[in-house]
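# Report on the structure
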Amino acid sequence: MEKDFEPRIVYFMCKWCGTGGSETASAWHFSYPENVIPYRVYCTGSLSTVHILRALIEGADGVLISGCHPGDCHYNNGNFRARRKVALVKKMLEILGLEPERVWFRYVAHGEGKRFVDTATEFSEYIKKLGKNPIKERRET
Amino acid sequence: MKVNKLIIDFLLSLMEKKKIDAFLLPLKVPSGDYYTYVLTDEKELIEKGKPVPPVMPAGGARALQSLTRLGSLKRKTGIIMHPCQIKAVIELYKMKQVDLENLYLFSFDCPGVFPAEKYIKNPKETEKKFEEGNQNEIRELCKICDKFDMVYVDVYIGIKKENIYLTPKTEKGEEILKDFKLENQPEPEEIKKRRSEAKEKFIEDFEKEIKGPDALLSLFSKCINCHNCMRVCPVCYCRQCFFDSEAFDLSSENYLLRAKNKKALRFPADTLLFHLGRMSHMIFSCVNCGNCEDACPMDIPIGRIFTFMAEKIQKEFDYVPGRDPQERLPLVTYEEEELKWVEKPYTRILRR
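Computed from a predicted structure; not experimentally measured. (Residues numbered from 1 in each chain as written. Chains lettered and ligands numbered in written order. Predicted model: local features only at pLDDT ≥ 70, side-chain atom pairs only at ≥ 80, totals over all residues.)

Before going further, it helps to spend a moment on the overall build of chain A. Within chain A, the regular secondary structure consists of four helices and four strands. Along its sequence from the N terminus, chain A presents helices and strands in the succession β-α-β-α-β-α-β-α. Against the 2.2 N^0.38 benchmark of 14 Å for 141 residues, chain A shows a C-alpha radius of gyration of 15 Å, consistent with a compact globule. Its C-alpha atoms give chain A principal-axis dimensions of roughly 40 × 30 × 20 Å. Burial statistics for chain A: of 141 residues in total, 54% are counted as buried. If you take every contact in chain A between residues at least 6 apart in sequence, the share linking residues at least 24 apart comes to 81%. (Helix = DSSP H or I, 4+ residues; strand = E, 2+ residues; numbered from the N terminus. Rg over C-alpha atoms; globule rule 2.2 N^0.38 Å. Buried ≥ 20, exposed ≤ 12 C-beta atoms within 10 Å, placed from the backbone. Contact = placed C-beta atoms within 7 Å.)

Right, dumping it as structure tokens:
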């Protein structure tokens, strides 16, 4: 493990709950690691599998996805669909031997600022221990 | 092959009885080095057709997408295709790309086909080998295909020892076959068992070739990003493909940054993303037809890669493409209580 390794983490969160969690966190003056890059998507269900794969191939060490809790989705079932997509990506990465544990899926509600910050921190520490993503530095992709 | 003649006679008798008005079936091109699907109601042309061709004509299922794009067919049309293409038709139906009204699907016990490359180079000799029933030189994918009879068709044509056995599988099929004398078809067990064993062995062996970043990247290292595999794929139906979209019109800064991150950037870029992305979009519907492998100019074993992945992933989600048109595609449906292993539990509450 390299000592000065700072992982790059892409955090996809949905417009309604995940982003709301980050707003609550800011209201409470919580902070999360600076190497976590937040991306707002309209619904985690609208996130394509390609976005996750592209992040992993083009430079992210890990990808986090946060949507609403089951039953809370603004569009009724977006989070359940997202769960299937993440399951597909994780299975694909597992079969291809590309470390599926670099993709995390955890529900964060609008009011759960602490949970949002903890998730970002925990994942960042986890990836730091895991090390660099092997395919992000391969030029022949 | 005698079987071809028998099937053609059967199709013509359907036309005579006014049960079907036109057929879409494989026909040799005039220059004699390939087969294509033709839509025709001319008796002479149907007589020349080859329902069981020695190569797989490209674009079978996609032909139906074009045919029914602006609404259902007005005349009864019979379609005779390889089982894998019929499965792709059913998948396209689920994606609302094909209208099954007035369409009659026919399929048969597939003996496998030869690689298109081999056929184009030497049509006469390959045709002779095919008619002799040569099973050693057929495509690698056909050697491991064991699901050729698990398909939703109206009429299934069993082939055994130069004889055909008709089986209706739907109400539509029963209606067509009302006046025909039906015999029970002997099970194609022997060939199925042999192919199942070959498939198990293939899945075991191929894992070494694909697992891990090094192996995976060396598989795709020859790719020239021509997107042929996508264009001939029967289930890749999108009119605007994401990989042809503006998402890949990138600024020079973007390329330079990526080149800096990776120390160097290979061109054409985004080949691995193309293959993995396409895989994640259509792997559930992959019918292992091998059109992609036939079309690849760089001899990448793309059909085998997708077959390997499809076998594993479809098993994981308990989905079989082409089994039932009422089944829903895994990515457009969900259950509330499932896939709990994906959710990362929140157990470590950090102190701050």
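This part covers the overall build of chain B. Each helix and strand in chain B was counted, giving 15 helices and six strands. Its C-alpha atoms give chain B a radius of gyration of 22 Å, near enough to 20 Å, the size a compact globule of 352 residues would have. A principal-axis box enclosing the C-alpha atoms of chain B has dimensions of 80 × 50 × 45 Å. Burial status across chain B gives 37% buried among its 352 residues. Within chain B, contacts between residues at least 6 apart in sequence are counted, and of these 73% link residues at least 24 apart.

Let us now look at the domain arrangement of chain B. Residue and element names in this part refer to chain B. The domain architecture assigned to chain B consists of domain 1 (2-192) and domain 2 (222-332). One C-alpha centre belongs to domain 1, the other to domain 2; they are set 27 Å apart. Contacts between domain 1 and domain 2 engage 28 residues on the former and 24 residues on the latter. When residues in the side of domain 1 that touches domain 2 are grouped by element, the largest group, ten residues, is from helix α4 (residues 83-94). (Domains from an automatic or database assignment.)

Residues and elements named next belong to chain B. With six of six residues buried, strand β4 (residues 103-108) is to be regarded as a mostly interior element. Neither face of β4 is open: one carries Leu 103, Leu 105 and Ser 107, the other Tyr 104, Phe 106 and Phe 108, and all of them are buried. As paired strands, strand β3 (residues 77-80) and β4 are joined by four bridges and run parallel to one another. What sits directly across from Gly 78, in β4, is Tyr 104. With respect to chirality, the unit in which β3 leads through α4 into the neighbouring parallel β4 is right-handed. (Pairing = 2+ DSSP bridges. Right-handed = clockwise from strand over helix to strand, strands pointing away.)

We now examine the sheet that holds strand β1 (residues 9-14) of chain A. All names here are of chain A. Taken in spatial order, the four strands line up as β2-β1-β3-β4 in an open sheet, and their pairing is parallel. At either margin of the open sheet sits one strand with a lone partner, and together these are β2 (36-41) and β4 (103-105). Geometrically, the sheet is characterised by an average inter-axis angle of 20° between neighbouring strands, direction not taken into account. Bridge analysis of strand β3 (residues 62-66) against β4 gives three bridges, and the strand direction is parallel. Residue pairing across strands places Ile 65 opposite Phe 105, the latter belonging to β4. Contacts from helix α1 (residues 18-27) reach β1, β2 and β3, with the element oriented near 105° to β1. Sheet strands in contact with helix α4 (residues 113-130) are β1, β2, β3 and β4, and its direction is about 160° off that of β3. (Axes fitted to C-alpha atoms, helices over the stretch in contact; angles between N-to-C directions.)

The next thing to look at is the interface of chain A and chain B. In this complex, chain A contributes 40 residues to the contact, which on the side of chain B involves 38 residues. When its residues are assigned to classes, the side of chain A that touches chain B shows 18 nonpolar, six polar and 16 charged. (Nonpolar A, V, L, I, M, F, W, Y, C, P; charged D, E, K, R; others polar.)

Turning to the nonpolar core, a few remarks are in order. One finds Phe 12 and Val 63 of chain A together with Ile 79, Val 89 and Met 309 of chain B to be the most contacted residues of the largest nonpolar core, which totals 123 residues. The element best represented in this core is helix α3 (residues 78-96) of chain A, accounting for eight residues. Each of domain 1 (2-192) and domain 2 (222-332) of chain B gives at least three residues to this core. Sequence-distant contacts of Val 63 of chain A, that is, excluding residues within four places in its chain, are made with Val 10, Phe 12, Ile 52, Ala 55, Leu 56, Arg 102 and Val 103 of chain A. (Core = buried A, V, L, I, M, F, W, Y, C linked by C-beta atoms within 7 Å.)

What follows is about helix α13 (residues 271-282) of chain B. Compared with the 16 Å implied by 1.5 Å per residue over twelve residues, the 17 Å span of α13 of chain B between its first and last C-alpha is a close match. Along α13 of chain B, ten of the twelve residues are buried, which leaves the element largely enclosed by surrounding structure. For α13 of chain B, the elements touching its buried residues are α2 (49-57) and α3 of chain A together with α10 (213-220), α11 (228-232) and α15 (302-316) of chain B. (Expected span 1.5 Å × (residues − 1).)

What follows is about the sheet that holds β3 of chain B. All names here are of chain B. Ordered by their spatial adjacency, six strands build an open sheet running β2-β1-β3-β4-β5-β6, and the pairing between neighbours is mixed. Looking at strand neighbours, the two that pair on one side only are β2 (35-40) and β6 (163-168), the edges of this open sheet. Averaged over all neighbouring strand pairs, the angle between strand axes comes to 25°, with direction disregarded. Sheet topology places strand β5 (residues 155-160) next to β6; six bridges connect them, and they run antiparallel. Note that in β6 the partner of Gly 158 across the bridge is Tyr 165.

Looking now at the environment of Leu 67 of chain B. Relative to the elements of secondary structure, Leu 67 of chain B occurs in helix α3 (residues 60-67). Residues Leu 67 of chain B and Val 98 of chain B, spaced 31 residues apart in sequence, show a C-alpha to C-alpha distance of 8.2 Å.

Next up on the list: α2 of chain A. In terms of residue burial, α2 of chain A counts as a mostly covered element, since seven of its nine residues are buried. Turning to α2 of chain A, its buried residues number three or more, namely Thr 49, His 51, Ile 52, Leu 53, Ala 55, Leu 56 and Ile 57 of chain A. Here the buried face of α2 of chain A lies against β1, β3, α3 and β4 of chain A together with α13 of chain B.

Our next topic: the pairing of β3 of chain B. Here strand β1 (residues 22-28) of chain B pairs with β3 of chain B via three bridges, running parallel. Bridge pairing in β3 of chain B places Ala 22 of chain B opposite Thr 77 of chain B.

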